[in-house]
Amino acid sequence: WSTWRLAMTLAPRTGKGADVRIALGAVAPTPMRALKAELLLRGEKLTADLVAEAAAVAGAEARPISDQRASAEFRRKLVRVLTGRMIEAARADAGRSRARGRKA
């Protein structure tokens, strides 16, 4: 799962997703981007509901296989959970950065 990446730039004043890229590995025949989930977040304020929706969309976009290590459905669930956590972590980090900027 270490092949997953999230790159997100938030607009400084609004906290809206200015640029979002979600890359997923090990859940499709080749590494892929969750393009529909990215589009949901781009230009929008990152509310908890929107984060949950984007995570669900990323899970639906994934095309994992079932094998001896995990079922396809379990892998989709992991995509939903971990994508949501990555977005929330990025949102929290951006909030801390904005707060530091206001203190300066």
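Quantities reported herein were computed from a predicted structural model and do not represent experimental measurements.

Structural notes on the pattern of salt bridges
Using the criterion set out here, one finds eight salt bridges in the structure. Notably, a salt bridge pairs Arg75 with Asp67, separated by 2.6 Å at the nearest N-O pair. Overall, Arg75 belongs to the buried group, its relative accessible area being 10%. A salt bridge links Arg91 to Glu88; the shortest N-O distance between them is 2.7 Å.

Considerations on the pairing of strand E2 (residues 17-24)
The sheet contact formed by strand E1 (residues 5-10) and E2 spans six bridges and is antiparallel. Looking at the pairing, Arg5 lines up with Ala23 of E2. Counting the residues in the hairpin turn of E1 and E2 gives six residues, including Gly15, whose phi is positive at 75°. Both E2 and strand E3 (residues 32-33) contribute to a ladder of two bridges, which runs antiparallel. Residue pairing for E3: Ala23 is matched across the bridge by Arg33.

Quick word on the environment of Glu53
Mapped onto the elements of the fold, Glu53 is located in helix H2 (residues 48-61). Using a relative accessible area of 42% as the deciding quantity, one classes Glu53 as partly exposed. Distance in space between the C-alpha atoms of Glu53 and Arg75 is 17 Å, their sequence separation being 22 residues.

Structural notes on the environment of Ala37
Topologically, Ala37 is positioned in helix H1 (residues 35-41). On the basis of relative accessibility, which here comes to 0%, the residue Ala37 falls in the buried class. For the pair Ala37 and Ala72, spaced 35 residues apart in sequence, the C-alpha to C-alpha distance is 19 Å. Setting aside chain neighbours within four positions, we find Ala37 in contact with Ile22, Ala54, Val57, Ala58 and Glu61.

Concerning the nonpolar core
Of all hydrophobic cores here, the largest spans 21 residues; its most connected members are Ile22, Leu24, Leu41, Leu46, Val79 and Ile87. Of all elements in the fold, only E1, E2, H1, H2 and helix H3 (72-103) reach the threshold of two or more residues within this core. Considering each element in turn, this core owes the most residues, four residues, to H2. With near-sequence residues (within four places) excluded, Ile22 lies in contact with Arg5, Leu6, Met32, Arg33, Ala34, Ala37, Glu38, Leu41, Thr83 and Ile87.

Some words on the sheet that holds E1
What the three strands build is an open sheet, ordered E1-E2-E3; its pairing is antiparallel. In this open sheet, the two edge strands, each paired with only one partner strand, are E1 and E3.

What about the side chain of Glu61?
Following the sequence through the fold, Glu61 ends up in helix H2. Lys36 provides the closest opposite charge to the buried, salt-bridge-free Glu61, at an N-O distance of 5.8 Å. A polar atom in the side chain of Glu61 sits 3.1 Å from the backbone nitrogen of Ala37. Beyond its immediate sequence surroundings of up to four residues, Glu61 is in contact with Met32, Arg33, Ala34, Leu35, Lys36 and Ala37.

Rules used throughout
Residues numbered from 1 in each chain as written. Predicted model: local features only at pLDDT ≥ 70, side-chain atom pairs only at ≥ 80, totals over all residues. Heavy atoms only, no water. Salt bridge = Lys/Arg side-chain N within 4 Å of Asp/Glu carboxyl O. Buried < 20%, exposed > 50% of the residue type's maximum accessible area, 1.4 Å probe, protein only. Pairing = 2+ DSSP bridges. Helix = DSSP H or I, 4+ residues; strand = E, 2+ residues; numbered from the N terminus. Contact = heavy atoms within 4.5 Å. Core = buried A, V, L, I, M, F, W, Y, C linked by side-chain atoms within 4.5 Å. Lys, Arg positive; Asp, Glu negative; His and termini not counted. Polar contact = N/O pair within 3.5 Å; in protein donor to acceptor, adjacent residues only side chain to side chain.

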